[in-house]
Amino acid sequence: GWRRSNGSARRRGRPVILGMGAHPTKVGLNPIVIDLMRKGVITAVAMNGAVIIHDFELAYLGQTSEEVEAEIDSGRFGMAEDTGRILNEAIVQGWQAGLGIGEAIGRYILKHPGKFPHRRLSLLAAGAQLGLPVTVHVAIGTDIIHMHPSANGEAIGGGSLLDFRKLAA
């Protein structure tokens, strides 16, 4: 069964990979995860596609833009223009450069500091800055940015596959 770690894996030079969904980011835990990345405790992060939306909005706005419960019945949920447009742009540019989604968005955030005044809150930017793998594993059609007209299935699927291969390696 599962047992509490005493940190021996890292002391033996083994990786510690955090696999996560969006809720830790949504509730404000990114600074803790980033601190553990900087200290070398967490050596890689694997996330689903929902995390990139919250992570992006934290870096861009300093908060996430929507509460699902408040917006889902109105038909407006997932219609944040900048979120869809900019994330899809970063994914496509990354795919064209041979990057997975995580590295592509992280580099994009670091490359455009004026757009991202709160980039210190971004797991994706921290991974790119530290040279740590931050991989994104999506299913096409499950994230709000897939509804945006700029969504590119080849780039989303290909970037996610590159990230899967990075994680598996």
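The present account deals with the structure reproduced in this document. (Residues numbered from 1 in each chain as written. Predicted model: local features only at pLDDT ≥ 70, side-chain atom pairs only at ≥ 80, totals over all residues. Heavy atoms only, no water.)

1. Considering the environment of Ala-9
Here is step 1 of the chain: Within the secondary structure, Ala-9 sits in helix α1 (residues 8-11).
Here is step 2 of the chain: Classification of Ala-9 as partly exposed rests on a relative accessible area of 23%.
Here is step 3 of the chain: Spatially, the C-alpha atom of Ala-9 lies 9.5 Å from that of Val-41, the residues being 32 residues apart in sequence. (Helix = DSSP H or I, 4+ residues; strand = E, 2+ residues; numbered from the N terminus. Buried < 20%, exposed > 50% of the residue type's maximum accessible area, 1.4 Å probe, protein only.)

2. Topic: the nonpolar core
Here is step 1 of the chain: Met-37, Met-47, Ile-52, Ile-91, Ile-105 and Leu-123 are the most contacted members of the largest nonpolar core, which totals 33 residues.
Here is step 2 of the chain: The set of elements that each furnish at least two residues to this core consists of α3 (30-38), β2 (44-48), α4 (49-61), α6 (81-96), α7 (101-111), α8 (123-130), β3 (134-137) and α9 (153-168). (Core = buried A, V, L, I, M, F, W, Y, C linked by side-chain atoms within 4.5 Å.)

3. A word on the sheet that holds strand β1 (residues 17-20)
Here is step 1 of the chain: Spatially, three strands are ordered β1-β2-β3 in an open sheet, and the strand pairing comes out parallel. Across the chains shown, the open sheet's two edge strands, defined by having one partner strand only, are β1 and β3. Strand after strand, the sheet turns through a mean of 15° between neighbouring axes, direction not considered.
Here is step 2 of the chain: Of the strand pairs in this sheet, β2 and β3 are connected by four bridges, and their pairing is parallel. Across the sheet, Ala-46 pairs through a bridge with Thr-135, a residue of β3.
Here is step 3 of the chain: Sitting on the sheet, α8 touches β1, β2 and β3, and the angle it makes with β3 is about 135°.
Here is step 4 of the chain: Its contacts with the sheet place α9 against β1, β2 and β3, and it is angled at close to 125° to β3. (Pairing = 2+ DSSP bridges. Axes fitted to C-alpha atoms, helices over the stretch in contact; angles between N-to-C directions. Contact = heavy atoms within 4.5 Å.)

4. Structural notes on the pattern of salt bridges
Here is step 1 of the chain: Under the counting rule described, the total for this entry stands at four salt bridges.
Here is step 2 of the chain: The salt bridge involving Arg-85 is made with Asp-82; its shortest N-O contact spans 2.8 Å. Of the two residues, Arg-85 and Asp-82 both sit in helix α6, three residues apart, roughly one turn of that helix.
Here is step 3 of the chain: Judged by relative accessible area, which is 32%, Arg-85 ranks as partly exposed. (Salt bridge = Lys/Arg side-chain N within 4 Å of Asp/Glu carboxyl O.)

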